Amino acid sequence: MGAQVKKSILRQISLYMVVMIVLIALGALMLYVVEDRIRSNYERELILIDQKTDLAIDIQQTMSGAVTELRGLMAFRQEEFVGKIKVREQAVNDDIDAFAKLELDAEGREYLQRLRVSRDRYFLDMVPVGIELGLQGDTAEMVRLSREENWTEFVDQFRVENIAYIDVLDRHADDAHEELTRDLKRASVSFTVYLVLVALIVGVLAIRLAKDIGLPLQELARVAKQHDADLLLRLPYDRRADEIGNLTVSLKTMWQQIRRNEREMIEQNEELQAQQEELISQQDELTETVAKMRQHEQVLEAQNRLNASLINTSSRDDLLKSIIQNLVTIQGVDKGAVVLLEAGYPHAAVGLTEAQTVAFFTNLDEGVLARLREERDTLVIERDAAGAEKGYHDLPIRLSDLFVPIFSQEEDVIALLVMTRLGRAFSKEDRAQARALANQVALAIEKWRAYEVSERERVVNQEILDSIREGVHLFDEQGELRQVNHTWKTWMADESTPAAADRRTKECVYRELRERALQADELIAFIEGAMLGERADGETRIYRLSGAEEKVMQVYFERIFDQNGVLRGTVFVHRDMTREYEVDQMKSEFVSTVSHELRTPLSSVLGFTELMLHKELKPERQRKYLETIHKEAERLTQLINDFLDIQRMEAGRQSYDFAKVDLVPLAKELIETMAFHAPQHRLELDAVTDPAPVRGDEAKLRQVLLNLIGNAMKYSPNGGEVRVMIREAGDELAVSVTDQGLGIPKESLGHLFTKFYRVDNSDRRKIGGTGLGLAICKEIVKAHDGRIEVESQLGEGSVFTLYFPRNQAVRGNEVRLSDGNGQEMPRLMIVEDDDSLALLLQEELQESGFAAEHVREGESALQRITEQLPDAIVLDIRLADTLSGWDVLERLKADERTASIPIFISSALEERERGMSLGANDYLIKPYQPAKLSNLILQTLLRKEKTGVIMVPTAKEGGEADERPQGEA
């Protein structure tokens, strides 16, 4: 190195570092260049192998596809396969051309030659012949040529050779990878050797650097550590021109300066020590002041929290917890508790376990509590800590308990505060502060109790509103929504989800109405006008509410005034009148239907009668007119019979003569009769079960089958097959009537068995009818303990199926009311204080087929009803004991066991609305005909699927009395 370089240690070290970095960089560059060349050669070779492999696989798949297309041509003889074969051929040619352009070794060139030969043989020799034979459908010739020309062996051989070449390419790829590994390993070894040489060079340079720089620095460090000024002054390094020389000179100069400053620092240190002692004293004073300020701040924060909780907290438990937690901080106590002196001792505590708290308040010293009530002031008790209160202390500890009574406005002790300090007493100021805080707590407890009363009243009012079946909105005098009942929320909720959450704003209600009400704007205007006083009292509005089932609603309002006549709000009641609307619609349709169906045959009868009265007609013409009159009269008679049947069935007066009936001959007879009058229909009977006995009324069963088969023919205007099938279905006998007619829309299936219901379709309106037939069929089948079901596809036909129970015993000529569950003597309870009227009702009901029992007193009636659970109850309002009929009715409806029993009120009081609102089924005002009561009970039991069997005495031979069932009540 030159002299200039040697003058600076930094320059020497920098030179050494540059040399080392250059050597390492050169080695790394050489390694990178070598490895890059090796990897490039490998990747290039691997890409070539992959291209060859892909082309070989593609050629194999394309050739296989061509073979498949040729076979498809042979199988289906469709020319579209020829085009596909041509496409395959072109793809093979393109792949072979692409393969030929690649860099090929001897194996590749040999493979290319085999490919070209195989392609020419297949596509030039085999494919043309195969196409020709395939289009001709000459499969035998194709098989012969394939066998003689070894086409199959050729295809298999081509596939095997192709797979073999792909395996060769895979081996080449493996060889290339192994070669890459060997080259990379050789390059790594060379680079390692190079690094060893660089390390030797660096080591030599490091030794030289340590000799020139390290040893002098070490000597300087040793001398400086020993603080030996004489030795430092004798060091010869100050004559060097580098940094070590400069450092030596600086150390000598600094050491001399330190000696001069040492004396000055000693003097200053003594002065600073005195100042430090003064600062420590001031810091202690500040620390004590800050601690007091922080404690005062915590007390203020606790007071603020306490005031906030006393004002804002509405939960009793949260209020008690907040009171005791903040009082513990404000009073600076170790533990405490607050308890309300009421049932259950509601409480909260800090520093006490739940068991300790409960034990303390359960065993509250009556003497202490009595003293607090008498002195009406706080009480402090000093005592020694006992047991767990001492914790880990062995010496005695004094405790101070502060008892603070909390008084209500009536000066009663309503709560108690207890706070405890360990080793510290309560001062007069502490007790005064506790009394002031107790007054605040008392106000909060009184406020909470008032809130609880208000909340209970609000909940009761809401429950009352929720129990109303109408939807209710309550708006205040400002027009803001205050309450909504459960019924309205249920209506507004989606059908598939629970009731929506509470609606608390008027805008929410209006938004719901706009979404669901069909006349939303008019309805909202009505509500706004009612709240503004622009609507007359008693004014109502009818609107429709959309949903899964559209509802017809009626809304009315009432204004609410306080005792001073000031308007306080408006309540709106939304009543579901859908059923009433449907009844009105049904009445209109009934009048229209009856008018049409009665006038049509009457017009024919009157017209032909007038012709016969006023004109001279030939005998054959007279006979034709008479036949027409007879037919229309029969039609009119059948129509009237249908009206009477449905009326008797609904009134429970339809009688049935049950006997063993075989449905197979009955159905066969009906089919033969009806087939004669309907040649365009093909009527078939498929009796899978024969015989098919059931227990029923043959005339009524005939009526049902006649109606169903007639409907099948009537609603198949274009003819077709009507099939009646009788089969077993488990424990039931099934009779199905299938037609190929118009079918029934899906939305009409649920209304099909409703009186007067007609499918609203022009094709069916042309056919005519009253809409009573299926309703009558349903009632008859139900009376036979069966059911009727329907399946239909619009435009394809319908299937009506009757199900009757099998293997039922037939008891003579049993006559039964139209509907029931098999109880032959329904049991009634008459609760009446008038013995004469009770006897009259009992006689009437027993003659109508009921077992009736009389009770005069309410308590006895409740006991007997609970024990026997009768089928119905006749209840008077004024009874012989302290209980009234209203009391009995309310208790029966509140008991789950008796809530569903029908109750009929029989009273001279005209309080029908009250009776119906409490759950009575009907209300009869005395005097009334006893038969009216029996009819009402009979109809109600029939609707509940009860069975009423009435035993009426008849005369046997020889004058003996016999009882037989009678269906008319």
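Counting of residues starts from 1 at the beginning of each chain's written sequence and follows it residue by residue. With the structure being a predicted model, the display of local features is reserved for residues of pLDDT at least 70 and the display and counting of side-chain atom pairs for 80 or more, all residues being used for whole-chain, interface and lining totals. Values reported for side chains reflect all heavy atoms of the structure, with hydrogen atoms and water molecules removed beforehand.

A.B. asks: Mind showing me how you'd approach the overall build of the protein chain here?
C.D. replies: Regarding its fold elements, the protein chain presents 26 helices and 25 strands. Relative accessibility decides the category of a residue: with a 1.4 Å probe and only protein chains considered, values under 20% of the type maximum give buried, values over 50% give exposed, and everything between is partly exposed. Within the protein chain, the fraction of its 969 residues that count as buried is 38%. Contacts: residue pairs with any heavy atoms within 4.5 Å of one another. Here the contacts in the protein chain between residues at least 6 apart in sequence split such that 61% fall between residues at least 24 apart. Carbon and sulfur atoms form 52% of the exposed surface of the protein chain, whose accessible area is close to 56,000 Å². Per the convention used, a helix needs a DSSP run of H or I reaching at least four residues, while a strand needs a run of E reaching at least two, with both numbered from the N terminus. To be clear on the numbers: accessible area is Shrake-Rupley with a 1.4 Å probe, and residue cover counts the displayed protein chains and nothing else.

A.B. asks: Even after reading the chapter, I still don't get helix 3 (residues 80–100), so can you show me in this structure?
C.D. replies: The span expected for a helix works out to 1.5 Å for each residue beyond the first. Helix length check: helix 3, at 21 residues, gives a terminal C-alpha distance of 31 Å against a target of 30 Å (1.5 Å per residue), a fit within 8%. Taken together, the buried positions of helix 3 are occupied by Phe81, Val82, Ile85, Glu89, Val92, Asn93, Asp95, Ile96 and Phe99. Looking straight down helix 3, one finds its buried side chains confined to an arc of 165°; they lie on one side. Relevant arc is that of directions from the helix axis to the C-beta atoms, nothing else.

A.B. asks: Sorry if this is basic, but what is going on with the sheet that holds strand 22 (residues 903–907) here?
C.D. replies: Whether parallel or antiparallel, the strands of a sheet pair through hydrogen bonds between backbone atoms. By this definition, two strands are paired if DSSP reports at least two bridges between them. Taken together, 5 strands build an open sheet; the order of strands is 20-19-21-22-23 and the sheet is parallel. Only two strands of the sheet have a single partner each, and these edge strands are strand 20 (851–855) and strand 23 (922–925). Averaged over all pairs of adjacent strands, the angle between their axes in this sheet comes to 20°, without regard to strand direction. Note: strand 21 (residues 872–875) against strand 22, 3 bridges, orientation parallel. Each bridged residue has a counterpart across the sheet, and for Val874 the counterpart in strand 22 is Phe904. For helices, the axis comes from a line fit to the C-alpha atoms of the stretch in contact; other axes are also lines fit to C-alpha atoms, and the angle between any two N-to-C directions lies between 0 and 180 degrees. Along the sheet, helix 22 (residues 835–847) makes contact with strand 19 (827–831), strand 20 and strand 21, crossing strand 20 at roughly 170°.

A.B. asks: Quick question: what am I supposed to make of the UniProt feature "modified residue: 4-aspartylphosphate" (unreviewed entry) in the protein chain here?
C.D. replies: Mapped onto this numbering, the UniProt entry gives "modified residue: 4-aspartylphosphate" (unreviewed entry) at Asp876. On the secondary structure map, Asp876 appears in the loop between strand 21 and helix 24 (885–894). Dropping the residues within four chain positions of it, Asp876 is found in contact with Val831, Glu832, Asp833, Gly885, Ser906, Ser907 and Lys926. UniProt positions are given in the numbering used here, feature names are shortened, and annotations may be inferred rather than shown by experiment.

A.B. asks: Would you mind going over the sheet that holds strand 16 (residues 787–793) with me for this structure?
C.D. replies: Overall, mixed pairing links the 5 strands, which are arranged 12-14-15-17-16 in an open sheet. Looking along the sheet, the strands with just one partner apiece sit at the ends: strand 12 (681–687) and strand 16. Each strand of the sheet is rotated relative to its neighbour by a mean of 15°, with strand direction disregarded. Pairing of strand 15 (residues 732–738) with strand 17 (residues 797–805), which is carried by 7 bridges, proceeds in the antiparallel orientation. Counted as the bridge partner of Val737 is Phe800 from strand 17. Taken strand by strand, helix 19 (residues 698–714) contacts strand 12, strand 14 (720–729), strand 15, strand 16 and strand 17, and its axis lies near 170° from that of strand 17.

A.B. asks: How do you make sense of the pattern of salt bridges when you look at a structure like this?
C.D. replies: Two side chains of opposite charge can pair, provided their charged atoms sit close to one another. The rule for a salt bridge is simple: a side-chain nitrogen of Lys or Arg has to be within 4 Å of a carboxyl oxygen of Asp or Glu. Summed over all chains, the structure comprises 31 salt bridges. With its nearest N and O atoms 3.2 Å apart, the salt bridge here joins Glu110 to Arg114. With Glu110 and Arg114 both in helix 4 (residues 106–136) and 4 residues apart, this pair spans about one turn of that helix. Residue classification places Arg114 among the partly exposed residues on the basis of a relative accessible area of 28%.

A.B. asks: How do you make sense of the packing of aromatic side chains when you look at a structure like this?
C.D. replies: For any pair of aromatic rings, the description rests on two quantities: the centre-to-centre distance and the angle between the ring planes. Think of it this way: a Phe, Tyr or Trp ring, Trp meaning its six-membered ring, pairs with another when their centres are within 6.5 Å, and the plane angle makes it stacked under 30 degrees, edge-to-face over 60, tilted otherwise. One pass over the structure, following the stated rule, counts 8 aromatic pairs. Where Phe99 meets Tyr111, the ring centres are 5.3 Å apart and the plane angle is 70°; that geometry is what we call edge-to-face. Of the two residues, Phe99 sits in helix 3 while Tyr111 sits in helix 4, which places them 12 residues apart along the sequence. With a centroid separation of 5.8 Å and an interplanar angle of 65°, the aromatic rings of Phe526 and Phe557 are classed as edge-to-face. Taken as a pair, Phe526 in helix 15 (residues 520–531) and Phe557 in strand 9 (residues 551–561) lie far apart in primary sequence, 31 residues in all. One exposure class covers both Phe526 and Phe557, and it is buried. A network of ring pairs unites the aromatic residues Phe475, Phe526, Phe557 and Phe572 as a single cluster. Against the face of Phe658 rests Arg695, its NZ or CZ located 5.2 Å from the ring centre. In this analysis the charged atom, NZ for Lys or CZ for Arg, is taken to sit over a ring once it is within 6 Å of the ring centre and within 35 degrees of the ring normal. Across from the ring centre of Tyr803, 4.1 Å away, lies the NZ or CZ of Arg787, which sits over that ring.

A.B. asks: Where do I start with the nonpolar core in this structure?
C.D. replies: General note: in soluble globular proteins, nonpolar side chains tend to be found buried as a group. The definition of a nonpolar core used throughout is a set of buried Ala, Val, Leu, Ile, Met, Phe, Trp, Tyr and Cys residues joined through side-chain atoms within 4.5 Å. Counting residues in each nonpolar core, the largest one holds 45 residues, and the members touching the most others are Leu663, Leu708, Ile709, Ile726, Leu752, Phe800 and Leu802. Setting aside chain neighbours within four positions, we find Ile709 in contact with Ile671, Met674, Leu683, Val724 and Val737. Of all hydrophobic cores here, the second largest spans 37 residues; its members include Ile59, Val82, Phe99 and Leu133.

A.B. asks: How should the environment of Tyr42 be read in this particular structure?
C.D. replies: Residue position: Tyr42 is located in helix 2 (residues 9–76). Given the relative accessible area of 14%, Tyr42 is considered buried. Linking Tyr42 and Ala173, residues 131 residues apart in sequence, is a C-alpha distance of 9.2 Å. Ignoring anything within four residues of it in the chain, the contact list for Tyr42 reads Ala176, His177 and Leu180.

A.B. asks: Is there a simple way to explain a negative patch on the surface in this structure?
C.D. replies: Patch definition: residues above 30% relative accessible area lacking any salt bridge, with like charges linked at up to 9 Å and the nonpolar side chains Val, Leu, Ile, Met, Phe, Trp and Tyr linked at up to 5 Å. When charges are tallied, Lys and Arg are placed among the positive residues and Asp and Glu among the negative ones, while His and the ends of the chain are skipped. Here the site of a charge means NZ on Lys, CZ on Arg, CG on Asp, or CD on Glu. A cluster of acidic residues, Glu45, Asp167, Asp170, Asp174, Asp175 and Glu178, forms a negative patch on the protein surface. Considering each element in turn, the negative patch owes the most residues, 5 residues, to helix 6 (residues 151–226). The topology assignment puts Glu45 in helix 2. The exposure class of Glu45 is partly exposed, given its relative accessible area of 41%.

A.B. asks: Whenever I open this one, the confidence of the model for the protein chain confuses me. Can you help?
C.D. replies: Where the model shows low pLDDT, its predicted coordinates should not be examined in detail. As a per-residue measure, pLDDT reflects the predictor's confidence and takes values from 0 up to 100. Of the residues in the protein chain, 83% have a pLDDT of 70 or more, and the chain-wide mean is 77. Looking across the protein chain, the model is least confident in strand 24 (residues 950–955), with a mean pLDDT of 36, and most confident in strand 21, with 92. The model gives residues 494–503 a pLDDT under 50, and that stretch makes 16 contacts with residues more than four places away or in other chains. With pLDDT under 50 throughout, residues 809–823 is counted as low confidence; its partners more than four residues away or in other chains account for 65 contacts.

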